[in-house]
Amino acid sequence: MGQMAIKEDIKRKKGKKKAFISAKVGAVIIKWLWIMYGVVLLSIVLGFFLIARGWIGWVGTMPDVSDLENPIDKYATQILSADNVNMGTYSLKNSNRVYANYDDLSPYITKALVATEDARFESHSGIDVYALMRAVLTLGRSGGGSTITQQLAKQLYSATASNTLQRALRKPIEWVIAVQLERFYTKHEIINMYLNQFDFLYNAVGIESACWVYFGKKPKAVTIQEAATLIGMCKNPSYYNPIRKPDRTKGRRNVVLDLMCKHHFITKAQRDAAKASPMLVNFHKADHKEGIAPYFREYLRLTMNAKQPKRTDDKYRFDSNRFPDDSVAWKNNPLYGWCNKNTKKDGTHYNIASDGLKIYTTIDSRMQQYAEEAVAEHVGGFLQPAFFREKAKSKTAPFDSDLTQEELDAIMDRAIRQTDRYRALKKDGVSDAKIRNIFNTKVPMEIFSMSGVRDTVMTPSDSIRHMKMFLQAGFMAMDSHSGHVKAYVGGTNFQNFQYDMVTQGRRQVGSTVKPFLYSMAMESGFSPCSQMRHVQQTLLGENGEPWSPKNAVSSHIGELVSVRWGLQNSDNWVTTYLMGQMSPYAFKRLLVSYGLSEPITPVPALCLGVCDATIEQMVSAYSAFDNGGIRIDPVYVTRIEDRNGNVLSQFAAQSHEIINERASYQMLSMLQSVMDGGTGSGMRNRQGVYVPMGGKTGTTQSNSDCWFVGFTPSLVGGCWVGGTERSIHFDSMNEGQGARAALPVMGIFLKKVFADNKLGYSSIETFRVPEKYSDPCAGAGRNDYIPPKSNSEGVMDDIFN
C-alpha cells in the first residue's frame, strides 16, 4: 500500500515535470513564433519601405516620383480636318497612342471597365484585399486579385517577367506603385490613364485609337455593345480579337454585358438588346500610307519637321534650286519648321510623334474625298486605260516613240540609279556590272496594277518600266478668299507613288502662264477689247536669234482680233505680240510676285510657259484674279494645340498685291470668256458644270504636261496630269491636252461639291464685280487697233535691260 502510494507520487511528479517541460517548450515555441511573425511582418514592412524608396532593384525598380507624376508622356499627334474628322496621326513606331480626356469617353466605356476589372474600384486605395484573398484561396479560379490601378502600374512600369517566380516577386512593387498612383491621381484620372495606355492591337494604342480603328468613331460616340467589345479585349487582346475571332470576342463581349448588368450599370433590357446585336466592326487600319489625304499628311509632317536650311545639306546637293525657296519658307512661313522653331516649357523642341499635339487643318474631309474620287475616276478610270491602249503596240512604251535606243537606255539607267536597291548595292561595294546583271535577272515579285497588287516574275529593270506606264496627277482646291486649302491630292496612289505633285513636283506650265502676261498688258494700258492683226510674230531671243512660234489656231489669219479673243483661244500669235510689247525681265519679276519660283529664264518664250511651277504655286497665283489683284498664300493649318487643349500657334493667310483692281477685273472677265466659249468650254459642254467660272487650260510640247487652273466665286483649284518623265505622254491630242486630261478632274470635283448641300457652296453664286469695273473695256478704245511691229524692229529697247 505504501509502495503503491510512492509509485503514484513519483508518477505524478513525472507528469508535472513533463507538463512543465511541455509548457516551457510551448512557451518557447510561441515566443519564437511571435518573433518569426514579427520578423516576417517587419521584413514585409521593411521590404515595402525599401521598394518605395527604390533601394531594392534586383526584382525590379521603383520609378521616380517625377515619373509617377507624369506616367504617360508619349502620345501621337492628331491631324484634324476642318469638319473635325481625325484624318490620321503621327506617332512613334508601334505606339499610335492618341490622348483622350475622361470627359471625352462614353460612360459605357468606364462602366464596362469597372464592372469587368475592378467592381470595388471606388472604395479601395489601390489594393483590393478582399479580391486578393479570394484569388489566393481559390488559386485564381474566381478571378484575379489585381485592381485597375495595379494593372496600370504593371502596364506603366513592370517589364515582362521571364518566369513565375520573377512575376511573383514583382507583385509587391506593383502594389507599392498602385498605392502611390492612388495618392497622386483621382479615380477618373487613373481610369483615363489605363484606357490611354492599353494596346488594343493593330497599332491602336489607347482608347481613342481603338474606337477609331475598330468602329470609326470617337470614344464619346460608341454604343454599349461596342464599349463592351473593347473592354472585353483588355483580358487578352490577341485572344479576343474582333477581326480574327469575332465569335469568341462576341462571347467575351456578352460576359462584360452581364457584369455591367450585375453591378447595375445597365438595365436588363439594355443588356439583352446589346447581347442580341451582331458582332460588327468598322475597321480602319492605322497606317500613315492609307486613309484620307495621305499626301497632305506627309507634306504636313515634312513641313513641320523641317530644319533651318543650310546650303551644305545633302538634299541641296542634287537640287540646289530648293535652297532659296526653303530659306524663304523658313523666314516667312510660321508652319515651316514649326517643331524646330518652337520649344516646350522644359526648353526642348516639339516632337509631333510623341507630344500629343492636335493639328487643326483647313482640309474638309468631304471635299478631300470628292477630290480623291475625281482623280481616281478620270485618271484611273478613263485616261489610264486609254494610255494603255495607245501604247499597247509601241516598242518603246511607255516612252516617246521618237526616242533613240541610247536615249531610252539613259532614261532607264537614271531610273535604276534612283532606286533604294541600287543605292544599297553600291553601299555594299557591288560592281556596276554585277548590279546591271541583278537588275536584268528575273525574280518573283509583287507589282502594282489598276486592279490591285499581283504576283509575277520579271526583272527589276522591267518592273521599273512597268511602273512608269502609270500616269500621274495632282490636284488642289483652295478657298480663294481665305486661302484655306480644302483638298490636296498629291498623286494617284500613295502606297506606290509617293512623289507629291502638289508641292514637290515642278512641271512646265504651258499656256496656263498666259493670264499672267495678259494681266501685265492690262496694267500697261491694254484692254480686253484692244485689237491687233492676227499674223505670225517674230521676236529676237536672248542671243539675237529670231523666234517665231507656231500657232494651233488656224482661223482669222490676217484679220483683226482682240486681246480677249487671243486669251479665249489660247492664241500663240496674240500672246507673242503682247510679249513683244513687254520686257521678259519685267515679266519674270511679275511671275515671281505671282508666287512662281526660280529658276525662271527671262526669254520671249517665257510667255508660252517654258518655266516650271508646282500646282500649289499656280493655284495661289490664280487667286489674284478674283481678289482685286491680291494673291493669297495657301493656308494648311488654322491652329495647333497641346494635348490639354492649350493653343500653341494660330495661322492666317498672307496676302500680296500683284496687280491693280482694274486689271484684275479685266482678267476676270477674259478668263470667264475662256470657260464660256474658249479652250475651257469643255467644262460646260462635256462636264455639265455651269457655275460662273474663270480658268485656263495648258498643254506643253509633245503633250508632256496637261494643266487646268480655274476658279469659281469661292474656290480656286488646279490639276496637272502627265508621266513621271517628260518623254511619257499621249501621242494624240485627243486625250493628251489640258482640256481633256486635267480639266475634267476639276469638273468632276465641282459637281460633287455642289451636289453636297452641307458644304455650303452654291452653283448659282456669281462673281462680285464693283460697278465701276463692270465694263472691262471702259477707258480704252473698244476698237483700238495696235499694228504689229515688223520683224525688222525686233523687240522693245529695254527687253534685255
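One can find the structure itself at the top, above this paragraph.
The structure displayed is predicted, hence computed values, not measured ones.

Visitor: Would you take a moment to explain the overall build of the protein chain for this structure?
Guide: A count of helical and extended segments in the protein chain gives 28 helices and 20 strands. The burial tally for the protein chain puts 51% of its 801 residues in the buried class. Restricting to contacts in the protein chain with at least 6 residues of sequence separation, those with at least 24 account for 68%. Carbon together with sulfur atoms contributes 53% to the accessible area of the protein chain, which is approximately 38400 Å² in total.

Visitor: It is not clear to me how the state of the cysteines should be interpreted in this structure. Could you clarify?
Guide: By definition, a disulfide is the covalent link that joins the sulfur atoms of two cysteine residues. Evaluation of the coordinates by the stated rule reveals one disulfide. Across the disulfide, Cys-529 is cross-linked to Cys-777 (sulfur-sulfur distance 1.8 Å). Of note, the bridge from Cys-529 to Cys-777 carries an S-S torsion of about 80° and is right-handed in sense. With Cys-529 in the loop between α20 (514-523) and β9 (531-533) and Cys-777 in the segment after α28 (743-755), this pair connects stretches of sequence that are 248 residues apart. In this structure Cys-719 is a free cysteine whose sulfur lies 9.2 Å from that of Cys-706, the closest cysteine sulfur available. Residue Cys-719 is classed as buried on the basis of its relative accessible area, which comes to 0%.

Visitor: What is the right way to look at the pattern of salt bridges in this model?
Guide: Two side chains of opposite charge can pair, provided their charged atoms sit close to one another. Tallied over the full model, the rule gives 26 salt bridges. Salt-bridge contacts for Lys-217 lead to Glu-226; the nearest nitrogen and oxygen are separated by 3.0 Å. You can call Lys-217 partly exposed: its relative accessible area is 26%. Look at Glu-226 and you get buried, because its relative accessible area is 12%. Of the charged contacts in the structure, one is a salt bridge between Lys-426 and Asp-432, with a shortest N-O distance of 3.0 Å. With a relative accessible area of 38%, Lys-426 lands in the partly exposed category.

Visitor: Explain the packing of helix α16 (residues 405-417) against helix α19 (residues 460-467) to me, please; I cannot follow it from the model alone.
Guide: Packed helices, taken two at a time, are described by their axes: the angle between them and the distance between them. Two elements in contact, α16 and α19, have axes whose closest approach is 10 Å; the angle formed by their N-to-C orientations is 100°. Regarding the angle of α16 to α19, the classification is roughly perpendicular. On α19, the residues touching Leu-408, Met-412, Ala-415 and Ile-416 of α16 are Ser-461, Ile-464 and Arg-465. Looking at side-chain class alone, the contact of α16 with α19 contains five nonpolar, one polar and one charged residues.

Visitor: Whenever I open this one, helix α13 (residues 322-332) confuses me. Can you help?
Guide: Turn by turn, an α-helix covers 3.6 residues, leaving residues three or four places apart pointing in a common direction. Along α13, the residues that are buried comprise Phe-323, Asp-326, Ala-329 and Trp-330. The buried residues of α13 occupy an angular sector of 125° when the element is viewed end-on, so they sit on one face. Looking at the buried side of α13, the elements it contacts are α14 (338-341).

Visitor: Explanation requested: helix α23 (residues 584-593) in the structure shown.
Guide: Listed in full, the buried residues belonging to α23 are Pro-584, Phe-587, Lys-588, Leu-590 and Leu-591. Here the buried residues of α23 occupy an arc of 160° about the axis, which is enough to place them on one side. Where α23 is buried, its residues contact α20 and α22 (572-581). Looking one or two residues past α23, Gly-595 carries a phi angle of roughly 110°, positive in sign.

Visitor: Explain the sheet that holds strand β19 (residues 705-711) to me, please; I cannot follow it from the model alone.
Guide: Strands pair in a sheet through their backbones, by hydrogen bonds, and they do so in one of two ways: parallel or antiparallel. Reading across the sheet, the five strands line up as β7-β6-β20-β19-β18 and stay open at both edges, with antiparallel pairing between neighbours. Looking at strand neighbours, the two that pair on one side only are β7 (485-489) and β18 (694-699), the edges of this open sheet. When the angles between neighbouring strand axes are averaged without regard to direction, this sheet yields 5°. Relative to β7, strand β6 (residues 472-479) is paired through four bridges, and the arrangement is antiparallel. Considered in β7, the bridge of Met-478 is made with Val-485. Along the sheet, helix α15 (residues 365-391) makes contact with β6, β7 and β20 (715-722), crossing β7 at roughly 35°. Where helix α24 (residues 615-622) meets the sheet, its contacts fall on β6, β18, β19 and β20, and the angle it forms with β6 comes to roughly 35°.

Visitor: Is there a simple way to explain the pairing of β7 in this structure?
Guide: Successive residues of a regular strand alternate their side chains across the two faces of the sheet. Of all five residues in β7, five are buried; the element is thus mostly enclosed. Between β6 and β7, which pair antiparallel and follow one another directly, the connecting turn spans five residues, one of which, Gly-483, has a positive phi of 85°.

Visitor: I'm lost on empty space enclosed by the protein in this one. Help?
Guide: If you roll a probe as big as a water molecule over the atoms, it shows you where there is empty space left. In the structure shown here, the tally under the stated rule is two cavities of 30 Å³ or more. Roughly 60 Å³ of internal volume is contained in the second largest cavity. Forming the walls of the second largest cavity are Leu-471, Asn-703, Ser-704, Cys-706, Val-721, Gly-722, Gly-723, Ile-728, His-729, Phe-730, Glu-735 and Ala-741. Its residues assigned to classes, the lining of the second largest cavity comprises six nonpolar, five polar and one charged.

Visitor: Can you help me understand the packing of aromatic side chains in this one?
Guide: The relative placement of two aromatic rings is captured by the distance of their centres and the angle of their planes. Using the criterion set out here, one finds 29 aromatic pairs in the structure. For the pair Phe-387 and Phe-730, a centre-to-centre distance of 5.3 Å together with 80° between the ring planes defines the contact as edge-to-face. In this pair, Phe-387 is assigned in helix α15 and Phe-730 in the loop between β20 and α27 (738-741), connecting sequence segments 343 residues apart. Phe-387 gets classed as buried once you look at its relative accessible area, which sits at 0%.

Visitor: How should I be thinking about the environment of Pro-770 in this particular structure?
Guide: Along the polypeptide, Pro-770 turns up in the segment after α28. A C-alpha to C-alpha distance of 9.7 Å links Pro-770 and Arg-662, two positions 108 residues apart in sequence.

Visitor: Please explain a nonpolar patch on the surface as it appears in this structure.
Guide: A cluster of nonpolar side chains, contributed by Val-28, Trp-32, Ile-35 and Val-39, occupies part of the molecular surface with about 360 Å² of accessible area. Structurally, Trp-32 can be placed in helix α1 (residues 2-53).

Visitor: What's the story with the pairing of strand β3 (residues 358-361) in this structure? I'm lost.
Guide: Covered by surrounding structure in β3 are Lys-358 and Tyr-360 together with Ile-359 and Thr-361, the residues of both alternating faces. Where strand β1 (residues 77-80) and β3 come together, three bridges link them in parallel fashion. Along β3, the bridge assignment pairs Ile-79 with Ile-359. As defined by bridge partners, β3 adjoins strand β15 (residues 637-641) across four bridges and the pair is classed as antiparallel.

Cut-offs used in this document
- Counting of residues starts from 1 at the beginning of each chain's written sequence and follows it residue by residue.
- Residue-level local features of this predicted model are given only where pLDDT is at least 70; pairs of side-chain atoms are given and counted only at 80 or more, and the full residue set underlies all totals for whole chains, interfaces and linings.
- In computing side-chain values, all of the structure's heavy atoms are included and hydrogens and water are not.
- Think of it this way: any DSSP run of H or I at least four residues long counts as a helix, any run of E at least two long counts as a strand, and we number them from the N terminus.
- Each residue gets one of three labels from its accessible area relative to the maximum for its type: buried under 20%, exposed over 50%, partly exposed in between, using a 1.4 Å probe on protein chains only.
- We call two residues contacting when some pair of their heavy atoms lies within 4.5 Å.
- Note on areas: these come from Shrake-Rupley sampling with a 1.4 Å probe, and a residue is covered only by the protein chains present in the view.
- Throughout, a disulfide means two cysteine sulfur atoms within 2.5 Å of one another.
- Only one rule defines a salt bridge in this text: a Lys or Arg side-chain nitrogen within 4 Å of an Asp or Glu carboxyl oxygen.
- Lines fitted to the C-alpha atoms define the axes, with helices restricted to the stretch that makes contact. Angles between their N-to-C directions range from 0 to 180 degrees.
- Our angle categories are set so that under 35 degrees counts as roughly parallel, over 145 as roughly antiparallel, 65 to 115 as roughly perpendicular, and the remainder as oblique.
- Throughout, the ten residues Ala, Val, Leu, Ile, Met, Phe, Trp, Tyr, Cys and Pro are labelled nonpolar, Asp, Glu, Lys and Arg are labelled charged, and all others, Gly among them, are labelled polar.
- Taken from the helix axis, the directions to the C-beta atoms give the arc we talk about.
- Criterion used throughout: strands pair if DSSP finds at least two bridges between them.
- The definitions used throughout rest on a 1 Å grid laid over the protein atoms alone, on which a cavity is an enclosed set of points accommodating a 1.4 Å probe that cannot get out and a pocket is an open set flanked by protein within 12 Å on both sides along at least five of seven lines; lining residues are those having an atom within 4 Å of a point.
- Grid points are joined across faces, edges and corners, and a volume is the space filled by probe spheres set on the points.
- Centre distance within 6.5 Å is the pairing criterion for rings of Phe, Tyr and Trp, where only the six-membered ring of Trp is used; planes under 30 degrees apart are then read as stacked, over 60 as edge-to-face, and the remainder as tilted.
- Within the patch definition used here, like charges are joined within 9 Å and nonpolar side chains (Val, Leu, Ile, Met, Phe, Trp, Tyr) within 5 Å, considering only residues with over 30% relative accessible area and no salt bridge.

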